[in-house]
Amino acid sequence: MELIFRILGIITPVLIVSAVGYGYGKLRKPDITWINRLLTDLLFPALIFSAMASKDFRILEYIPLLIGALALIFGSGAIGWAASRLLGYNPHAFIPTIMFTNVANMGLPLTLFAFGAELMPAAVAIFMVFSLVHFTIGIRICSPSTSLHGILRSPMLWSMILGIVMSLCGFTLPDWLAGSLRLLGDAAIPLGLFTLGVGFASFHITGWSTGIVGALLCPISSLLIAWPLVKLLPMPPSMQGLLLLYAALPPAVMNYIFAERYGQDPGLVSAIVVGGNIASIVFVPFALYLAL
């Protein structure tokens, strides 16, 4: 019973902030395009870079965890490709929703509430891997004709590259600059949760049957991959739990943004994203039960 109350205490703040955003979105119908751009161009890059350039971030310690994250991405992507071929779904819309989960808006706050601030650098490492693959290979899956020039201009990508270089070289930022970037990065988590709810309020959903298939396939495929990985990879129990948690996360809202931008069935993708986030009410507590 104590574990159940702990799990409820972990997921409740995430659900409440997202619900407030959803209510505000229904009431005011705000244009959050500039907020999404602020998050992807400034706040999340600041969060990534400040965490990776800190004294506590030693990327080589997270190699097994990063291997596990890559296995989740490409393993679930292979399952998504097979499902899209078998069921006749648009692979450019369907596969990214199975591969790329909500590691930012939901994963980071859940990490903070479930494991504490000491595991945030490990969570940022997972976030880095998911974002790096999503903003390169993921965009090409969604839109094969997209120019690499636009991808290489992403602030998220360059914040990760610079963070990796600083971590490998042992460089750290001066306290005044690290504190300023951390202050900007800390704003990304609550604002990301709020805009997640606002975004749901404006989604135009079609194809609920496909949406349900994708919503269930995303966490189930990842959990089936993660379960043997935590037994095989040399990781401490806390990182094993973190990998299980991230395997249970729902599809990322960024999948909808890319689908809308590149004209790949945004209504269908929104059904998968919304359905997946509803299903996460079951899958995330289940993963936390396994992890804790």
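Figured I'd write up the structure that's included with this text. Just so we're clear, the structure is a prediction, and the values are computed from it rather than from any experiment. (Residues numbered from 1 in each chain as written. Predicted model: local features only at pLDDT ≥ 70, side-chain atom pairs only at ≥ 80, totals over all residues. Heavy atoms only, no water.)

**Remarks on the overall build of the protein chain**
Then, in step 1: When helices and strands are tallied, the protein chain shows 14 helices and zero strands.
Then, in step 2: Traced from its N-terminal end to its C-terminal end, the protein chain shows the element sequence α-α-α-α-α-α-α-α-α-α-α-α-α-α.
Then, in step 3: Whereas a compact globule of 292 residues would reach a radius of gyration of roughly 19 Å, the protein chain reaches 18 Å, a difference of no more than 12%.
Then, in step 4: Its C-alpha atoms put the protein chain at 50 × 45 × 40 Å along the principal axes.
Then, in step 5: Taking all 292 residues of the protein chain together, the buried fraction comes to 55%.
Then, in step 6: Counting only contacts in the protein chain whose residues sit at least 6 apart along the sequence, the fraction spanning at least 24 positions is 85%.
Then, in step 7: Approximately 13100 Å² of the protein chain is accessible, and the part contributed by carbon and sulfur atoms is 70%.
Then, in step 8: Placing the 13 positive and 10 negative side-chain charges of the protein chain at their respective mean positions leaves the two points 7 Å apart. (Helix = DSSP H or I, 4+ residues; strand = E, 2+ residues; numbered from the N terminus. Rg over C-alpha atoms; globule rule 2.2 N^0.38 Å. Buried < 20%, exposed > 50% of the residue type's maximum accessible area, 1.4 Å probe, protein only. Contact = heavy atoms within 4.5 Å. Areas by Shrake-Rupley, 256 points an atom, 1.4 Å probe, with all protein chains shown as cover. Lys, Arg positive; Asp, Glu negative; His and termini not counted. Charge placed at Lys NZ, Arg CZ, Asp CG, Glu CD.)

**Examining the environment of glycine 21**
Then, in step 1: As for its placement among the helices and strands, glycine 21 is situated in helix H1 (residues 2–28).
Then, in step 2: Between the alpha carbons of glycine 21 and threonine 195 there is a distance of 6.1 Å; along the sequence they are 174 residues apart.
Then, in step 3: Setting aside anything within four residues of it in sequence, one finds glycine 21 in contact with Phe194, Gly197 and Val198.

**A word on the nonpolar core**
Then, in step 1: If you look at the biggest cluster of nonpolar residues, it comprises 87 residues, and the most contacted ones within it are Phe44, Leu108, Leu110, Leu242 and Tyr246.
Then, in step 2: If one sorts the elements of this core by residue count, helix H6 (residues 120–142) sits on top with 14 residues. (Core = buried A, V, L, I, M, F, W, Y, C linked by side-chain atoms within 4.5 Å.)

**Overview of the environment of leucine 157**
Then, in step 1: Locating leucine 157 in the fold gives a position in helix H8 (residues 155–169).
Then, in step 2: For leucine 157, a relative accessible area of 5% gives the class buried.

**A look at a nonpolar patch on the surface**
Then, in step 1: There is a patch of nonpolar side chains on the surface, built from Trp208, Ile212, Leu216, Ile220 and Leu224 and spanning about 490 Å² of accessible area.
Then, in step 2: Tracing the chain through its elements places leucine 216 in helix H11 (residues 208–232).
Then, in step 3: Owing to a relative accessible area of 37%, leucine 216 belongs among the partly exposed residues under this scheme. (Patch = residues over 30% accessible without salt bridge, like charges linked within 9 Å, V, L, I, M, F, W, Y side chains within 5 Å. Salt bridge = Lys/Arg side-chain N within 4 Å of Asp/Glu carboxyl O.)

**Here's the deal with the packing of aromatic side chains**
Then, in step 1: Taken as a whole and assessed by the stated rule, the structure comprises five aromatic pairs.
Then, in step 2: For the ring pair phenylalanine 135 and phenylalanine 258, a centre distance of 5.7 Å and an interplane angle of 80 degrees mean the geometry is edge-to-face. Taken as a pair, phenylalanine 135 in helix H6 and phenylalanine 258 in helix H13 (residues 253–262) lie far apart in primary sequence, 123 residues in all.
Then, in step 3: With relative accessibility at 11%, the residue phenylalanine 135 sits in the buried group.
Then, in step 4: Among the aromatic residues, those joined into a cluster by ring pairs are Phe135, Phe258 and Tyr262.
Then, in step 5: If you follow lysine 231 out to its NZ or CZ, it ends over the ring of tryptophan 227, 4.7 Å from the centre. (Phe/Tyr/Trp six-rings, centres within 6.5 Å; stacked < 30°, edge-to-face > 60°. Lys NZ or Arg CZ within 6 Å of the ring centre and 35° of its normal.)

**Focus: unusual backbone geometry**
Then, in step 1: We note that lysine 29 has phi near 50 degrees; this positive angle belongs to a residue other than glycine.
Then, in step 2: Here lysine 29 is to be found in the loop between H1 and helix H2 (33–52).
Then, in step 3: Even without being glycine, aspartate 265 reaches a positive phi, approximately 50 degrees.
Then, in step 4: Within the secondary structure, aspartate 265 sits in the loop between H13 and helix H14 (266–291).

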